[in-house]
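Residue strings, one per chain:
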Amino acid sequence: METTTVENRFTLIVQGPDGGPGEFADAVAKGLSGERKSIPCRYLYDHRGSLLFEDICALDEYYPTRAEREILETRADEIASLLPENAEIVELGSGNARKTTLLIESFLRKNGRLSYNPIDISRKMIEGSSISLLKRYPDLEIQAIAGDYGDGLELMRTSGEGVKLILWLGSSVGNLDREEAAEFLSDVRGHMGANDRLLIGIDLRKSKKVLEKAYDDRTGITAKFNMNLLRRMNDELGASFDIRKFAHRATYHEEEGRVDMELVSVEAHTVRIESIDLDVAFREGETIHTESCYKYSPEEIDALFAASGLENVRRWLDSQHRFSLSLAAPLP
Ligand code: AVJ
(Lines give C-alpha, C1' and ligand atoms only; values in the text may rest on other atoms or scores of the structure.)
Protein backbone atom coordinates (compact mmCIF):
# COMPACT_ATOMS: atom_id res chain seq x y z
CA MET A 1 0.00 0.00 0.00
CA GLU A 2 1.19 3.44 -0.84
CA THR A 3 0.93 6.17 1.72
CA THR A 4 1.64 9.76 0.82
CA THR A 5 2.88 12.14 3.44
CA VAL A 6 1.38 15.54 3.85
CA GLU A 7 4.74 17.22 3.17
CA ASN A 8 5.21 16.02 -0.40
CA ARG A 9 1.73 17.24 -1.37
CA PHE A 10 2.18 20.75 0.03
CA THR A 11 3.95 23.79 -1.41
CA LEU A 12 3.78 27.18 0.23
CA ILE A 13 4.96 30.34 -1.46
CA VAL A 14 5.38 33.27 0.89
CA GLN A 15 5.29 36.66 -0.79
CA GLY A 16 7.31 39.36 0.94
CA PRO A 17 5.32 40.88 3.80
CA ASP A 18 3.76 43.87 2.11
CA GLY A 19 4.36 46.98 4.08
CA GLY A 20 4.43 45.64 7.62
CA PRO A 21 3.90 47.96 10.58
CA GLY A 22 5.12 50.99 8.66
CA GLU A 23 2.27 50.60 6.23
CA PHE A 24 -0.31 50.43 9.02
CA ALA A 25 1.22 53.54 10.63
CA ASP A 26 1.03 55.45 7.33
CA ALA A 27 -2.59 54.42 6.78
CA VAL A 28 -3.56 55.52 10.29
CA ALA A 29 -1.69 58.82 10.00
CA LYS A 30 -3.47 59.55 6.74
CA GLY A 31 -6.86 58.25 7.84
CA LEU A 32 -7.04 60.13 11.14
CA SER A 33 -5.62 63.49 10.03
CA GLY A 34 -8.31 64.39 7.53
CA GLU A 35 -11.71 65.99 7.93
CA ARG A 36 -13.62 62.69 7.75
CA LYS A 37 -11.79 60.00 9.70
CA SER A 38 -11.49 56.52 8.24
CA ILE A 39 -9.10 53.57 8.23
CA PRO A 40 -9.02 51.00 5.38
CA CYS A 41 -10.94 47.88 6.39
CA ARG A 42 -8.14 45.44 5.72
CA TYR A 43 -6.50 46.55 8.96
CA LEU A 44 -9.42 44.98 10.84
CA TYR A 45 -8.09 41.58 9.78
CA ASP A 46 -4.97 41.04 11.86
CA HIS A 47 -4.73 37.63 13.51
CA ARG A 48 -7.03 38.61 16.38
CA GLY A 49 -9.47 40.26 13.96
CA SER A 50 -9.50 37.19 11.72
CA LEU A 51 -10.35 35.00 14.70
CA LEU A 52 -13.15 37.38 15.68
CA PHE A 53 -14.41 37.29 12.11
CA GLU A 54 -14.62 33.50 12.39
CA ASP A 55 -16.80 34.00 15.47
CA ILE A 56 -18.97 36.45 13.49
CA CYS A 57 -19.55 33.74 10.87
CA ALA A 58 -21.14 31.53 13.54
CA LEU A 59 -23.53 34.21 14.86
CA ASP A 60 -27.31 33.76 14.59
CA GLU A 61 -27.67 37.23 13.09
CA TYR A 62 -24.86 36.81 10.56
CA TYR A 63 -26.72 34.85 7.88
CA PRO A 64 -24.27 35.15 4.88
CA THR A 65 -21.99 32.29 5.92
CA ARG A 66 -24.86 29.86 6.51
CA ALA A 67 -26.69 30.95 3.35
CA GLU A 68 -23.61 30.43 1.21
CA ARG A 69 -22.89 27.08 2.85
CA GLU A 70 -26.47 25.98 2.14
CA ILE A 71 -25.97 26.73 -1.56
CA LEU A 72 -22.68 24.87 -1.64
CA GLU A 73 -24.16 21.89 0.20
CA THR A 74 -26.86 21.52 -2.41
CA ARG A 75 -24.89 22.58 -5.50
CA ALA A 76 -21.28 21.47 -5.10
CA ASP A 77 -21.76 18.36 -7.26
CA GLU A 78 -23.50 20.39 -9.94
CA ILE A 79 -20.66 22.94 -9.91
CA ALA A 80 -18.08 20.18 -10.26
CA SER A 81 -20.06 18.74 -13.17
CA LEU A 82 -19.81 22.07 -15.01
CA LEU A 83 -16.00 21.90 -15.09
CA PRO A 84 -13.70 19.55 -16.99
CA GLU A 85 -11.86 16.68 -15.32
CA ASN A 86 -8.48 18.42 -15.20
CA ALA A 87 -9.90 21.45 -13.35
CA GLU A 88 -7.98 22.90 -10.43
CA ILE A 89 -9.29 25.21 -7.75
CA VAL A 90 -7.77 28.61 -7.01
CA GLU A 91 -9.23 30.40 -4.01
CA LEU A 92 -8.88 34.10 -3.23
CA GLY A 93 -8.91 34.83 0.51
CA SER A 94 -9.38 31.24 1.58
CA GLY A 95 -9.31 31.90 5.34
CA ASN A 96 -10.12 28.70 7.22
CA ALA A 97 -11.46 27.16 3.96
CA ARG A 98 -14.35 25.50 5.81
CA LYS A 99 -16.94 26.09 3.06
CA THR A 100 -14.43 25.13 0.37
CA THR A 101 -14.35 21.61 1.78
CA LEU A 102 -17.75 20.98 0.20
CA LEU A 103 -16.36 21.75 -3.25
CA ILE A 104 -13.12 19.88 -2.64
CA GLU A 105 -15.11 16.75 -1.80
CA SER A 106 -17.26 17.03 -4.93
CA PHE A 107 -14.23 17.50 -7.17
CA LEU A 108 -12.42 14.58 -5.54
CA ARG A 109 -15.47 12.32 -5.95
CA LYS A 110 -15.78 13.23 -9.60
CA ASN A 111 -12.13 13.40 -10.68
CA GLY A 112 -10.30 11.23 -8.18
CA ARG A 113 -7.65 13.85 -7.53
CA LEU A 114 -7.49 17.62 -7.12
CA SER A 115 -5.01 20.44 -7.06
CA TYR A 116 -6.09 23.25 -4.73
CA ASN A 117 -4.37 26.66 -4.75
CA PRO A 118 -5.47 28.86 -1.86
CA ILE A 119 -4.29 32.45 -1.54
CA ASP A 120 -4.55 34.23 1.78
CA ILE A 121 -2.85 37.16 3.44
CA SER A 122 -2.43 35.22 6.69
CA ARG A 123 0.37 32.66 6.54
CA LYS A 124 -0.71 31.15 9.85
CA MET A 125 -4.27 30.62 8.60
CA ILE A 126 -3.29 29.15 5.24
CA GLU A 127 -0.72 26.76 6.72
CA GLY A 128 -3.14 25.53 9.36
CA SER A 129 -6.05 24.94 6.99
CA SER A 130 -3.82 23.35 4.30
CA ILE A 131 -2.30 20.81 6.67
CA SER A 132 -5.65 19.74 8.03
CA LEU A 133 -7.12 19.39 4.51
CA LEU A 134 -4.16 17.28 3.35
CA LYS A 135 -4.53 14.98 6.35
CA ARG A 136 -8.19 14.45 5.54
CA TYR A 137 -7.86 14.02 1.77
CA PRO A 138 -4.96 11.81 0.54
CA ASP A 139 -5.72 12.60 -3.12
CA LEU A 140 -5.48 16.35 -2.63
CA GLU A 141 -2.44 18.45 -3.53
CA ILE A 142 -2.01 22.03 -2.33
CA GLN A 143 0.07 24.88 -3.72
CA ALA A 144 -0.66 27.71 -1.32
CA ILE A 145 0.33 31.34 -1.51
CA ALA A 146 0.60 33.60 1.51
CA GLY A 147 0.19 36.98 -0.07
CA ASP A 148 -2.35 39.41 -1.42
CA TYR A 149 -4.76 38.78 -4.28
CA GLY A 150 -2.48 40.49 -6.78
CA ASP A 151 0.50 38.25 -5.96
CA GLY A 152 -1.75 35.23 -6.15
CA LEU A 153 -3.27 36.03 -9.51
CA GLU A 154 0.10 36.80 -11.03
CA LEU A 155 1.47 33.45 -9.90
CA MET A 156 -1.62 31.62 -11.10
CA ARG A 157 -1.01 32.83 -14.63
CA THR A 158 2.45 31.29 -14.72
CA SER A 159 1.80 28.05 -12.82
CA GLY A 160 -0.54 25.12 -13.45
CA GLU A 161 -1.75 23.74 -16.78
CA GLY A 162 -5.33 22.73 -15.96
CA VAL A 163 -8.55 24.67 -16.32
CA LYS A 164 -9.05 26.88 -13.28
CA LEU A 165 -12.06 27.38 -11.11
CA ILE A 166 -11.40 30.63 -9.24
CA LEU A 167 -13.31 30.91 -5.97
CA TRP A 168 -14.09 34.22 -4.34
CA LEU A 169 -16.53 33.38 -1.59
CA GLY A 170 -18.04 35.09 1.42
CA SER A 171 -19.08 38.29 -0.35
CA SER A 172 -15.60 39.71 0.08
CA VAL A 173 -16.32 41.74 -3.05
CA GLY A 174 -18.65 43.75 -0.78
CA ASN A 175 -15.65 45.50 0.78
CA LEU A 176 -14.94 47.24 -2.53
CA ASP A 177 -17.05 50.10 -3.80
CA ARG A 178 -18.92 49.31 -7.02
CA GLU A 179 -16.31 50.83 -9.29
CA GLU A 180 -13.40 49.11 -7.52
CA ALA A 181 -15.30 45.83 -7.69
CA ALA A 182 -15.56 46.09 -11.48
CA GLU A 183 -11.87 47.01 -11.71
CA PHE A 184 -10.83 44.06 -9.58
CA LEU A 185 -13.03 41.59 -11.45
CA SER A 186 -11.70 42.92 -14.77
CA ASP A 187 -8.26 42.16 -13.43
CA VAL A 188 -9.35 38.63 -12.47
CA ARG A 189 -10.90 38.30 -15.94
CA GLY A 190 -7.57 39.28 -17.47
CA HIS A 191 -5.92 36.33 -15.75
CA MET A 192 -8.53 33.82 -16.97
CA GLY A 193 -8.24 31.53 -19.96
CA ALA A 194 -11.32 30.91 -22.13
CA ASN A 195 -12.28 27.76 -20.21
CA ASP A 196 -11.58 29.07 -16.72
CA ARG A 197 -14.53 29.95 -14.50
CA LEU A 198 -15.12 32.25 -11.54
CA LEU A 199 -17.39 31.17 -8.68
CA ILE A 200 -18.29 34.25 -6.68
CA GLY A 201 -20.51 34.60 -3.59
CA ILE A 202 -22.30 37.94 -3.27
CA ASP A 203 -24.65 39.10 -0.52
CA LEU A 204 -27.98 40.44 -1.76
CA ARG A 205 -29.83 43.64 -0.88
CA LYS A 206 -32.43 43.08 1.80
CA SER A 207 -34.26 44.84 4.65
CA LYS A 208 -32.43 47.40 6.75
CA LYS A 209 -33.50 45.56 9.88
CA VAL A 210 -31.95 42.22 8.92
CA LEU A 211 -28.76 43.86 7.64
CA GLU A 212 -28.16 46.10 10.63
CA LYS A 213 -28.61 43.15 13.00
CA ALA A 214 -26.14 41.11 10.96
CA TYR A 215 -23.53 43.82 11.57
CA ASP A 216 -24.48 44.61 15.17
CA ASP A 217 -25.24 41.35 16.92
CA ARG A 218 -26.71 41.21 20.41
CA THR A 219 -23.71 39.38 21.91
CA GLY A 220 -21.38 42.18 20.82
CA ILE A 221 -18.93 40.08 18.81
CA THR A 222 -19.07 42.43 15.83
CA ALA A 223 -18.55 45.39 18.17
CA LYS A 224 -15.48 43.62 19.55
CA PHE A 225 -14.23 42.97 15.98
CA ASN A 226 -14.57 46.68 15.19
CA MET A 227 -13.02 47.82 18.49
CA ASN A 228 -10.08 45.49 17.87
CA LEU A 229 -8.79 48.18 15.51
CA LEU A 230 -8.36 50.52 18.51
CA ARG A 231 -6.51 47.82 20.43
CA ARG A 232 -4.35 47.20 17.40
CA MET A 233 -3.38 50.89 17.22
CA ASN A 234 -2.60 50.83 20.94
CA ASP A 235 -0.43 47.70 20.64
CA GLU A 236 1.35 48.45 17.38
CA LEU A 237 1.50 52.24 17.22
CA GLY A 238 1.72 53.23 20.87
CA ALA A 239 -1.69 54.85 20.73
CA SER A 240 -3.71 55.60 23.86
CA PHE A 241 -7.27 54.82 22.75
CA ASP A 242 -9.65 54.24 25.65
CA ILE A 243 -12.07 51.73 24.16
CA ARG A 244 -14.76 52.81 26.65
CA LYS A 245 -14.87 56.14 24.85
CA PHE A 246 -15.99 54.55 21.57
CA ALA A 247 -19.11 52.72 20.47
CA HIS A 248 -19.68 50.38 17.54
CA ARG A 249 -22.21 51.46 14.93
CA ALA A 250 -23.52 49.76 11.78
CA THR A 251 -25.81 51.70 9.44
CA TYR A 252 -27.44 50.44 6.25
CA HIS A 253 -27.80 53.09 3.57
CA GLU A 254 -30.67 51.71 1.57
CA GLU A 255 -30.20 53.68 -1.62
CA GLU A 256 -26.48 53.02 -1.89
CA GLY A 257 -26.98 49.40 -0.82
CA ARG A 258 -24.17 49.68 1.69
CA VAL A 259 -23.61 48.90 5.36
CA ASP A 260 -21.11 51.26 6.98
CA MET A 261 -19.28 50.21 10.11
CA GLU A 262 -18.01 53.02 12.28
CA LEU A 263 -16.48 53.70 15.65
CA VAL A 264 -18.27 56.61 17.33
CA SER A 265 -16.54 58.79 19.90
CA VAL A 266 -19.00 59.05 22.81
CA GLU A 267 -17.42 62.25 24.18
CA ALA A 268 -15.06 64.98 23.05
CA HIS A 269 -11.48 63.90 23.74
CA THR A 270 -7.97 63.74 22.28
CA VAL A 271 -5.94 60.61 21.62
CA ARG A 272 -2.16 60.56 21.32
CA ILE A 273 -0.55 58.17 18.82
CA GLU A 274 3.06 58.04 19.86
CA SER A 275 4.80 56.26 16.98
CA ILE A 276 3.46 58.71 14.39
CA ASP A 277 3.67 61.72 16.72
CA LEU A 278 0.01 62.59 16.22
CA ASP A 279 -2.65 63.99 18.54
CA VAL A 280 -6.11 63.20 17.25
CA ALA A 281 -9.00 65.33 18.50
CA PHE A 282 -12.47 63.79 18.50
CA ARG A 283 -15.72 65.73 18.86
CA GLU A 284 -18.61 64.08 20.68
CA GLY A 285 -20.33 61.82 18.15
CA GLU A 286 -17.49 62.02 15.64
CA THR A 287 -16.83 58.76 13.75
CA ILE A 288 -14.01 56.70 12.32
CA HIS A 289 -15.27 54.78 9.29
CA THR A 290 -13.83 51.26 9.43
CA GLU A 291 -15.63 49.12 6.82
CA SER A 292 -18.09 49.32 3.92
CA CYS A 293 -20.10 46.25 2.95
CA TYR A 294 -21.88 46.65 -0.39
CA LYS A 295 -25.00 44.62 -1.16
CA TYR A 296 -26.18 43.73 -4.67
CA SER A 297 -29.46 43.13 -6.47
CA PRO A 298 -29.39 40.37 -9.12
CA GLU A 299 -29.44 43.13 -11.77
CA GLU A 300 -26.46 44.81 -10.14
CA ILE A 301 -24.57 41.51 -10.25
CA ASP A 302 -25.28 41.23 -13.99
CA ALA A 303 -24.09 44.81 -14.46
CA LEU A 304 -20.95 44.12 -12.44
CA PHE A 305 -20.15 41.11 -14.63
CA ALA A 306 -20.82 43.05 -17.83
CA ALA A 307 -18.51 45.84 -16.67
CA SER A 308 -15.81 43.26 -15.92
CA GLY A 309 -15.86 41.27 -19.17
CA LEU A 310 -17.67 38.34 -17.57
CA GLU A 311 -20.95 36.60 -18.22
CA ASN A 312 -23.17 34.66 -15.89
CA VAL A 313 -23.19 30.91 -16.63
CA ARG A 314 -25.43 29.89 -13.75
CA ARG A 315 -26.66 31.55 -10.56
CA TRP A 316 -27.89 29.89 -7.39
CA LEU A 317 -29.65 31.48 -4.40
CA ASP A 318 -30.21 30.03 -0.93
CA SER A 319 -33.76 28.98 -0.01
CA GLN A 320 -34.47 32.36 1.61
CA HIS A 321 -33.01 34.36 -1.29
CA ARG A 322 -30.55 36.20 0.88
CA PHE A 323 -27.31 35.32 -0.91
CA SER A 324 -26.17 34.63 -4.47
CA LEU A 325 -23.52 32.28 -5.79
CA SER A 326 -22.65 32.84 -9.46
CA LEU A 327 -20.56 30.87 -11.88
CA ALA A 328 -19.13 33.30 -14.41
CA ALA A 329 -17.20 32.82 -17.64
CA PRO A 330 -14.94 35.30 -19.46
CA LEU A 331 -16.56 37.07 -22.38
CA PRO A 332 -14.49 36.57 -25.53
C1 AVJ B 1 -15.62 39.82 5.08
C2 AVJ B 1 -16.50 41.69 3.95
C3 AVJ B 1 -17.57 39.61 3.76
O4 AVJ B 1 -19.13 42.36 4.87
O5 AVJ B 1 -20.10 40.63 5.69
C6 AVJ B 1 -18.84 41.09 8.75
C7 AVJ B 1 -17.09 41.62 6.89
N8 AVJ B 1 -17.67 42.86 8.96
N9 AVJ B 1 -19.20 41.69 9.88
C10 AVJ B 1 -19.09 41.29 5.46
C11 AVJ B 1 -17.87 41.84 8.16
C12 AVJ B 1 -18.50 42.76 10.01
C13 AVJ B 1 -17.73 40.73 5.87
N14 AVJ B 1 -16.85 40.48 4.68
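Look up: the structure comes first, before these words.
The present account deals with the structure reproduced in this document. Within each chain, residue numbers correspond to sequence positions counted from 1 in written order. Totals for whole chains, interfaces and linings use every residue, but because this is a predicted model, local features are given only for residues with pLDDT of at least 70 and side-chain atom pairs only at 80 or more, for both listing and counting. Only heavy atoms go into the side-chain values, all of them from the structure, while hydrogens and water stay out.

**Side note on the sheet that holds strand E13 (residues 310-317)**
Turning to step 1, where the next piece is worked out: Strands were regarded as paired on the criterion that DSSP finds at least two bridges between them. Here a strand is any run of E in DSSP of at least two residues, a helix any run of H or I of at least four, and the numbering for each starts at the N terminus. Here we have eight strands laid out as an open sheet, ordered E1-E5-E4-E3-E6-E7-E14-E13, and mixed in their pairing. Of all strands in the sheet, those bounded by a partner on one side alone are strand E1 (10-14) and E13. In this sheet, adjacent strand axes meet at a mean angle of 20 degrees when their direction is disregarded.
Turning to step 2, where the next piece is worked out: Of the pairings in the sheet, the one linking strand E6 (residues 164-168) to strand E7 (residues 197-203) comprises four bridges and is parallel in character. A fitted line through C-alpha atoms represents every axis, and for helices the fit uses only the stretch in contact; the resulting angles, taken between N-to-C directions, go from 0 to 180 degrees.

**Some remarks on helix H3 (residues 63-81)**
Turning to step 1, where the next piece is worked out: Here H3 is 19 residues long and its end C-alpha atoms lie 27 Å apart, about the 27 Å a rise of 1.5 Å per residue gives.
Turning to step 2, where the next piece is worked out: At Arg-75, H3 shows its largest kink, close to 60 degrees.
Turning to step 3, where the next piece is worked out: Think of it in three bands: residues with accessible area under 20% of the maximum for their type are buried, residues over 50% are exposed, and the middle band is partly exposed, with areas taken using a 1.4 Å probe on protein chains only. Among the residues of H3, Tyr-63, Pro-64, Thr-65, Ala-67, Glu-68, Ile-71, Leu-72, Ala-76, Ile-79 and Ala-80 are the ones counted as buried. A helix's residues, less one, multiplied by 1.5 Å, set its expected span. To get the bend at a given residue, fit one axis to the seven residues ending there, fit another to the seven starting there, and take the angle between those axes.

**Considering the pattern of salt bridges**
Turning to step 1, where the next piece is worked out: By convention in these notes, a salt bridge is any Lys or Arg side-chain nitrogen within 4 Å of a carboxyl oxygen on Asp or Glu. Using the criterion set out here, one finds 27 salt bridges in the structure.
Turning to step 2, where the next piece is worked out: The closest approach of N and O atoms between Arg-218 and Asp-60, which form a salt bridge, is 3.5 Å. Taken together, the residues span a long stretch of sequence, with Arg-218 in the loop between helix H8 (208-214) and helix H9 (221-237) and Asp-60 in the loop between helix H2 (47-57) and H3 at a distance of 158 residues. Like Asp-60, Arg-218 is exposed.

**Here's the deal with the packing of H3 against helix H4 (residues 100-111)**
Turning to step 1, where the next piece is worked out: Where H3 contacts H4, the axes come no closer than 8 Å and their chain directions differ by 25 degrees. Judged on the interaxial angle alone, H4 and H3 are roughly parallel. For H3 against H4, the interelement crossing comes out right-handed. Mapping the contact onto sequence places Arg-69, Leu-72, Glu-73, Ala-76, Asp-77, Ile-79, Ala-80 and Ser-81 in H3 and Leu-102, Leu-103, Ser-106, Phe-107, Arg-109 and Lys-110 in H4.
Turning to step 2, where the next piece is worked out: Gly is placed with the polar residues, together with every amino acid not listed as nonpolar (Ala, Val, Leu, Ile, Met, Phe, Trp, Tyr, Cys and Pro) or charged (Asp, Glu, Lys and Arg). Its residues assigned to classes, the contact of H3 with H4 shows seven nonpolar, two polar and five charged. Small angles under 35 degrees read as roughly parallel and large ones over 145 as roughly antiparallel, with 65 to 115 read as roughly perpendicular and the rest as oblique. Should the near helix be turned counterclockwise from the far one by less than a right angle, the crossing is left-handed, whereas a clockwise turn marks it as right-handed. Residues are treated as being in contact if the distance between any of their heavy atoms lies within 4.5 Å.

**Looking at the pairing of strand E3 (residues 88-92)**
Turning to step 1, where the next piece is worked out: Of all five residues making up E3, five are buried, and the element is well covered by its neighbours.
Turning to step 2, where the next piece is worked out: Burial of E3 is two-sided: the residues Glu-88, Val-90 and Leu-92 facing one way and the residues Ile-89 and Glu-91 facing the other way are all buried.
Turning to step 3, where the next piece is worked out: Across four bridges, the pairing between E3 and strand E4 (residues 114-120) is parallel. Bridged to Val-90 within E4 is Asn-117.
Turning to step 4, where the next piece is worked out: When the strands point away from the viewer and the path from the first strand over the helix to the second turns clockwise, the crossover is right-handed. Note on the crossover from E3 through H4 to E4: the handedness is right-handed.

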